[in-house]
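For reference, the chains in residue letters:
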Amino acid sequence: MVSEYANGRAPVVLIIVFLTWALSSFALAFALRPLSASTIGMIGLVCLVLAGIGQAIGGLFDINHKLHGPAAMLGIPALCAAAVLLTMAMARHGDLVAPPVWAAHLPWISFALMLGTFAAFSSSLKAAGVELSAQSGPLQELPAGVTGYVGFANRVLFAASYLWVTLAALSVLKAAH
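All values reported here derive from a predicted model rather than from experimental measurement.

A. Inspection of the packing of helix α2 (residues 11-31) against helix α6 (residues 149-176) at higher detail. Relative orientation of the contacting elements α2 and α6 amounts to 35°, with a least axis distance of 10 Å. As α2 runs across α6, the sense of the crossing is left-handed. Note on element contacts: α6 touches α2 through F158, S161, Y162, W164, V165, A168, A169 and V172, opposite V17, F18, W21, S24, L28 and A31. Here the residues of the contact of α2 with α6 sort into 12 nonpolar, 2 polar and no charged.

Here it is as structure tokens:
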């Protein structure tokens, strides 16, 4: 989905993005550790750490590696759950102002959008005669009638996730002052 970065002239940019994203998730989990006093906060923190692990694995193994997909299936749902759970825990915690509820829901909504576009993408590839299980590498170009909207949906998911992490981190910084 972001293979033009992984397979293009600057794969190191994508590695830096994923590893920085993982670092931000770990740092936010550390900063939000007081939320571990509640069950919802503890579950949210575990989810955020799992998201960071998935993000780190995604950075170490690009889209062409067999571990990239499992990393996404670990990291993305975990971040979606963490955003909702930790926003709820922050709202209940007296010292923190929670990010807006809409920001907590954007990651899972965009994940659902990405899954839908991925299903449509896979279906259109199959209709075009491309056998996905037989692919040994990324497609060089999309067949006629196949659109790359799944890449757009993936970027929306990244942006929604970055937004929530940023807003949650800003809440922590505000509480520190």
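Still to come is the rest of the account.
B. Representation of the environment of L23 within the structure. Tracing the backbone shows L23 in helix α2. A relative accessible area of 57% places L23 in the exposed class. Along the primary structure L23 and Q55 are separated by 32 residues, whereas in three dimensions their C-alpha atoms are 8.8 Å apart.

C. Geometry of the packing of helix α3 (residues 39-60) against helix α4 (residues 68-92). The N-to-C vectors of α3 and α4 enclose an angle of 150°; their axes lie 6 Å apart at closest approach. Compared by their axis directions, α3 and α4 come out roughly antiparallel. Crossing hand, α3 versus α4: left-handed. Taken together, the residues that form the contact of α3 with α4 break down as 19 nonpolar, 7 polar and 1 charged.

Conventions and cut-offs
- Residues numbered from 1 in each chain as written.
- Predicted model: local features only at pLDDT ≥ 70, side-chain atom pairs only at ≥ 80, totals over all residues.
- Heavy atoms only, no water.
- Axes fitted to C-alpha atoms, helices over the stretch in contact; angles between N-to-C directions.
- Helix = DSSP H or I, 4+ residues; strand = E, 2+ residues; numbered from the N terminus.
- Left-handed = near helix turned anticlockwise from the far one by under 90°.
- Contact = heavy atoms within 4.5 Å.
- Nonpolar A, V, L, I, M, F, W, Y, C, P; charged D, E, K, R; others polar.
- Buried < 20%, exposed > 50% of the residue type's maximum accessible area, 1.4 Å probe, protein only.
- Parallel < 35°, antiparallel > 145°, perpendicular 65-115°, else oblique.

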